[in-house]
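# A structural walkthrough
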Amino acid sequence: MNRRFHLLTASALASAAVAGAAHAQSGGNMIQELVVTAEKREQSLQDVPVAVSAFTSERRDLIGISSVQDITNFTPGLAYSAGADRISLRGIGRLTNNLASEPGVATYVDGVYTSSTVEVGRSPLFVDRVEVLRGPQGTLYGRNSIGGAINTISKRPTNAFSGEVRASYGSYNRTVIEGTVSGPITEGLRYRLGASMIKQDEGWFHNIAGGPDEGDIRDEKYFELQVEGDLGEHADFWVKAARGKYDNRSAPGGRTGGGLTPQDTALITPGSLSPGAGYGFAFGQNIVALGPARNSTFVATGGDLTAFSTNANTFNGVRDYSSQIQVNFNYHLDQMDLKYIGGFQHYKYALQSDFDGTALLSYTIPLNPGITSSTQCNPTFVALGVCRPLVAKPNVVSLYQENKEWFSHELNLTSTHDGPVQWILGAYVYNEKYKQPVELTLPDQAELATPSGAPANPKRLIYYTDQAMESWSRAVFGQADWQVTDTLKLTAGLRYTADKKKGVESGRLFCFGCSAAVDPRVLGSFTPVLDITTSTFSGTRPAGNTDPQKGVVGPAVTDPATGIRRRGLYDTWDAVTGTLNLDWTPDASTLVYAKYSRGYKAGGFNSGTITAFPETDAEHVDAYELGLKKDWSGTLQTNVSAFYYDYQDAQVPVATQPAVGPSTSIFYNIPKSRSLGFELETIWQPIDNLQILFNYSYLDATIRESCCIQDGADPAAAQPGAKPVSPLAAVDPITGAPTSRGQDLSGNHLPVAPRNKVAFNANYTWAFEPGALTGSVSYVWRDKVYSSIFDRPYYQAPARSQIDARLTWRDSEDHYSVILYGKNLTDEQDFDTLSATRQTGFAASGQYNLNRTYVLVPPRTYGVELQYRW
């Protein structure tokens, strides 16, 4: 039975504005139906037994949903970290940018999987709608959709000649020009051509060192061509080819914080302080710990969070043009459709930044005042001739790159008859290849060119990693709906997925001024630069653990000519996932559903670092959900869901600090976590032309079992807020080595999972003879979040809120629109995320302090947009 529900979206008011006063006065508060493809067939949103938030292009234009963050604000349970392009749903997501560990929320563009969320925020001129499916989608979508799936559906070619041009100008000299044209080529053949350009040359972070400002500085171009056609009576096709390029963006990748947060002296480890820390020289690592320089700059700016001071600006962008091709082919058989969905995408991305975060180019570490002659120096230093002040040149340059391409193929066979049993069968193949090199260099420190007893280092690297990896995913799936009675429907689905990853990781690490050889009496003395790749990047089993390393192929080997150490990685994972759902429709305006879903995300690698135990196990989740979708007399609609997740082996990165040597990052599987919550989406039209949207979500996403892990920012658990060291922490669960510093994290929050979240919008349309005017005001509020599995103050971003507004005029013929908009009207200086990194001094003294890092919410912006349609 096909029930027809009505969903009030902004398209209702947009339609009223288009048709003028007559239409607005006759049924302006009628709730319009919204059709989605959440279950890979067209259905009314209210017929789908899935928690779905859908955003049409009309709603996005009217309310002002122009970015991934805006979509996040109006989607219960969804969280997004703009600085790193990481998205999560109901506590399940991605906590690393290592490409060998994939997202937990699958993103699809016209049915083709992509690992980036950039396409989700593309302009409504190009996107017909965005659908956010909450909860595991492991039957019909698979491909690591353990937390949910986001579908972006493009606007398609039209039968009649039409087009639209948009231009906007806003704060910080931001200009956007975009347009499309569409129409017939011949009988049964149609096209759509589109292009956009975004340019902004003023940033909202200012460089007090005199360099250019940053913060959403961008030069972005995008082009697409679609061709759609009918191949006789039974077949049709659609093809989209797109190319895009950008130089600089605020997020992901670009500057999202000033980077001048002070070192917090309250977080200094108790005990004797080494004099080396007073000069910001990090023995045992490299010259990147610039405490005095950062603090003095912070004081000079008066603590302005939008200020930074660097000698080189951040650059991030797609080198050359990214390429994207997508194909749909449908063949309509008797009582069923056969559909092919295929795609290819390739891009090259680079991010270069001033890693030290200051404009300081040189400073001197003097001798200890107590040293009056070279005879008081350590004899080793005297022999090396280094009993002298050290001139440090701490200009650290970071270069991060991605070179990635992937293919996707899917074949669906879907029933189209009117019988009580409807079904869909499918097969899926995915392949991706990528390289991900990362370099940190000290280009002005000449000593780094000649490490002790090792191959030359002409680029003066202090850190280099790379990975050349390839992954495959294969799956078969099926789902059937059985209409048992007029009011009961049973849905069951299964999917089998097999994943494989293999490749080679490589790296090299240097130690400039290693603490093991430092005489604490001599402040300026240091050992020659050491290549410590063979010890730190060894990949050997730690003492106390005799288990073989999963995923490692052969021993790590160092190239004697380059000093680069390499190691092979390989493993496979597979899983059976599925869903079981019971729908009850007691009347034509009510849907109640109860469902169970099993989700899966393939294992991954901490590739590129050649550390011990690089592999993480696959994630799994058992999800239980109750939902109610109700239409109340055509003017009020409420969608409610309550859920419980048993989440196993969540993959998280953890920074560790060994007793000797530099810190390193490992991946860890949290054995057990739990997510439970409640979500409400409400649309109310109390009178003609007034629409009120209200969303609320409650999420309790906590770790239930995880022992015993050390906080890389506070490995000794000495800072305020640390949990007591667990008595169970006799053996490190990752390395197998003895430890006494691990904490039991049971009860801590999963990262980026706000407990409460609210979104509200009210919009009203005034209808006049020449057109209609719509005013829209939005308010969003998000609870505090932690950026780590450690519930510590320096990882906590406080609760934040934002107010946006828009005023839209449309003429009665729907030829043009004028939009005035403002975002973050109260100019709140809130944090999206907040974290901290450990700054070492002399390792022998155990002294260190913490530098705060943060991602700021964009400031108040405003502008005007003109749209013309024909």
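Keep in mind the model is a prediction, meaning the values are calculated, not measured.

### Here we look at the overall build of the protein chain
Counting its regular elements, the protein chain contains seven helices and 46 strands. Taking all 870 residues of the protein chain together, 58% fall into the buried category. Sequence-distant contacts in the protein chain: of pairs separated by 6 or more residues, those separated by 24 or more amount to 72%. Summed over its atoms, the accessible surface of the protein chain is roughly 32,700 Å², and 60% of this surface lies on carbon and sulfur atoms.

### Brief notes about the side chain of Glu-625
Summarising the element assignment, Glu-625 is placed in strand β34 (residues 619-632). Here Glu-625 falls in the buried class, since its relative accessible area comes to 8%. A distance of 3.2 Å separates the side chain of Glu-625 from the side chain of Tyr-593, its partner in a polar contact. Excluding its chain neighbours within four sequence positions, the residues that come into contact with Glu-625 are Ala-51, Arg-90, Arg-134, Tyr-593, Ala-594, Lys-595, Ser-641, Ala-642 and Phe-643.

### Some words on the nonpolar core
In terms of nonpolar packing, the biggest core is built from 28 residues, with Val-36, Ala-38, Val-52, Tyr-113, Leu-133, Tyr-141 and Tyr-349 touching the most fellow members. Those elements giving two or more residues to this core turn out to be β3 (51-56), β7 (105-109), β20 (336-354), β23 (397-415), β24 (421-435) and β26 (461-483). Excluding its chain neighbours within four sequence positions, the residues that come into contact with Leu-133 are Ala-38, Val-50, Ala-51, Val-52, Leu-89, Tyr-141, Gly-148, Ala-149 and Asn-151. Counting 27 residues, the second largest nonpolar core, distinct from the first, contains Ile-92, Phe-643, Tyr-668 and Leu-750.

### Looking at the sheet that holds strand β5 (residues 86-89)
Overall, antiparallel pairing links the three strands, which are arranged β4-β5-β6 in an open sheet. Looking at strand neighbours, the two that pair on one side only are β4 (78-81) and β6 (92-93), the edges of this open sheet.

### Quick look at the pattern of salt bridges
Considering all chains together, one arrives at 43 salt bridges under this definition. Here Arg-156 ties to Asp-110 by a salt bridge, and the two come within 3.8 Å at their closest N and O atoms. One end of the pair, Arg-156, is in the loop between β10 (148-154) and β11 (162-170); the other, Asp-110, is in the loop between β7 and β8 (112-114), and 46 residues separate them in sequence. According to the relative accessible area criterion, Arg-156 is partly exposed, its value standing at 29%. Residue classification places Asp-110 among the buried residues on the basis of a relative accessible area of 6%. Residue Lys-435 is joined to Asp-466 by a salt bridge in which the shortest nitrogen-to-oxygen separation is 3.0 Å. You can see Lys-435 sitting in strand β24 and its partner Asp-466 sitting in strand β26, a full 31 residues away along the chain.

### Observations regarding the sheet that holds β7
In space, the five strands of this open sheet follow the order β3-β9-β10-β7-β8, with mixed pairing throughout. Sheet topology places β3 and β8 at the edges, where each strand pairs with a single neighbour. Averaged over all pairs of adjacent strands, the angle between their axes in this sheet comes to 20°, without regard to strand direction. Bridge analysis of β3 against strand β9 (residues 127-134) gives six bridges, and the strand direction is antiparallel. Bridged to Phe-55 within β9 is Val-130.

### A short note on the environment of Ser-53
Within the secondary structure, Ser-53 is located in strand β3. The exposure class assigned to Ser-53 is buried, which follows from its relative accessible area of 2%. As a C-alpha pair, Ser-53 and Leu-133 span 80 residues in sequence and 6.8 Å in three-dimensional space. One polar contact links Ser-53 to Glu-681, side chain to side chain, over a distance of 2.7 Å.

### Re the pairing of β4
The alternating pattern of β4 places Leu-78 and Tyr-80 and Ala-79 and Ser-81 on opposite faces, both of which are buried. Across four bridges, the pairing between β4 and β5 is antiparallel. Paired with Ser-81 across the strands is Arg-86, a residue of β5. From the end of β4 to the start of β5, which pair antiparallel, there are four residues, and Asp-85 there has a positive phi angle of about 55°.

### Examining the pairing of β7
Here is the key point about a regular strand: its side chains alternate between the two faces of the sheet. Within β7, five of the five residues are buried, leaving the element largely enclosed by the surrounding structure. Relative to β10, β7 runs parallel, the two sharing five bridges. By the bridge assignment, Val-109 is partnered in β10 with Thr-152. Here three bridges tie β7 to β8, and the two strands are oriented antiparallel to one another. Of the residues in β8, the one forming a bridge with Thr-107 is Thr-114. Taking the residues between adjacent antiparallel strands as the criterion, β7 and β8 are bridged by two residues, where Asp-110 takes a positive phi near 55°.

### Remarks on the side chain of Lys-595
Along the chain, Lys-595 falls in strand β31 (residues 590-601). Although Lys-595 lies buried, it forms no salt bridge, and the closest oppositely charged side chain, Glu-39, sits 5.4 Å away as judged by the N-O distance. Within the structure, Lys-595 has its side chain in polar contact with the backbone oxygen of Pro-49 (distance 3.3 Å). If we skip the residues at most four places from it in the chain, Lys-595 touches Pro-49, Val-50, Thr-579, Leu-580, Asn-581, Ala-623, Tyr-624 and Glu-625.

### A word on the environment of His-409
Looking at where His-409 falls in the secondary structure, it is placed in strand β23. Excluding residues within four positions of it along the chain, His-409 makes contact with Tyr-340, Ile-341, Gly-342, Ala-427, Tyr-428 and Val-429. A distance of 2.8 Å separates the side chain of His-409 from the side chain of Tyr-340, its partner in a polar contact.

### Structural notes on the confidence of the model for the protein chain
On average, the protein chain scores 81 in pLDDT, and the residues at 70 or more come to 78%. Low pLDDT, under 50, characterises residues 1-27; the stretch is placed with 82 contacts to residues that sit more than four places away or in other chains. Confidence drops under pLDDT 50 across residues 262-296; counting only partners more than four residues distant or on other chains, this segment forms 116 contacts.

### Some points on the packing of aromatic side chains
Overall, the coordinates contain 18 aromatic pairs when judged by the stated rule. Ring centres 5.6 Å apart and planes at 70° place the aromatic pair Phe-831 and Tyr-854 in the edge-to-face group. Taken together, the residues span a long stretch of sequence, with Phe-831 in strand β44 (residues 831-840) and Tyr-854 in strand β45 (residues 848-856) at a distance of 23 residues. Both residues of the pair, Phe-831 and Tyr-854, belong to the buried class. By way of ring pairs, the aromatic residues Tyr-108, Tyr-113, Tyr-141, Tyr-428 and Tyr-430 are connected into one cluster. A cation over an aromatic ring shows up here: Arg-255 above the ring of Phe-308, its NZ or CZ 3.9 Å from the ring centre.

Basis of the calculations
Residue positions within a chain follow its written sequence, with the count starting from 1. It should be noted that, the model being predicted, local features are given only for residues of pLDDT at least 70 and side-chain atom pairs only at 80 or more, the latter also being counted only at that level, while totals for whole chains, interfaces and linings use all residues. By convention in this description, side-chain values take in all heavy atoms of the structure and omit both hydrogens and water. Secondary structure follows DSSP: runs of H or I at least 4 residues long count as helices, runs of E at least 2 residues long count as strands, and numbering of each begins at the N terminus. Throughout this description, buried means an accessible area under 20% of the type-specific maximum (1.4 Å probe, protein chains only), exposed means over 50%, and partly exposed covers the range between. It only takes one pair of heavy atoms within 4.5 Å for two residues to be counted as in contact. Under the convention used here, a 1.4 Å probe and the Shrake-Rupley method define accessible areas, while residue burial counts only the protein chains that appear. Two N or O atoms form a polar contact when they lie within 3.5 Å of each other; inside protein one atom must be a possible hydrogen donor and the other a possible acceptor, and for residues adjacent in sequence the pair counts only when both atoms belong to side chains. Grouping buried Ala, Val, Leu, Ile, Met, Phe, Trp, Tyr and Cys residues that are joined through side-chain atoms within 4.5 Å yields what is termed a nonpolar core. DSSP-based pairing: two strands are paired if at least 2 bridges between them are found. Salt bridges are defined as contacts in which a side-chain nitrogen from Lys or Arg sits within 4 Å of a carboxyl oxygen from Asp or Glu. A fitted line through C-alpha atoms represents every axis, and for helices the fit uses only the stretch in contact; the resulting angles, taken between N-to-C directions, go from 0 to 180 degrees. Charged-residue counts in this description rest on Lys and Arg as positive and Asp and Glu as negative, His and the chain ends being excluded. The predictor reports its confidence for every residue as pLDDT, a score running from 0 up to 100. A pair of Phe, Tyr and Trp rings is counted when the ring centres sit within 6.5 Å of each other, with Trp represented by its six-membered ring. The angle between the planes then sorts it: under 30 degrees is stacked, over 60 is edge-to-face, the rest tilted. Geometrically, a charge over a ring is one whose NZ (Lys) or CZ (Arg) sits within 6 Å of the ring centre while staying within 35 degrees of the ring normal.

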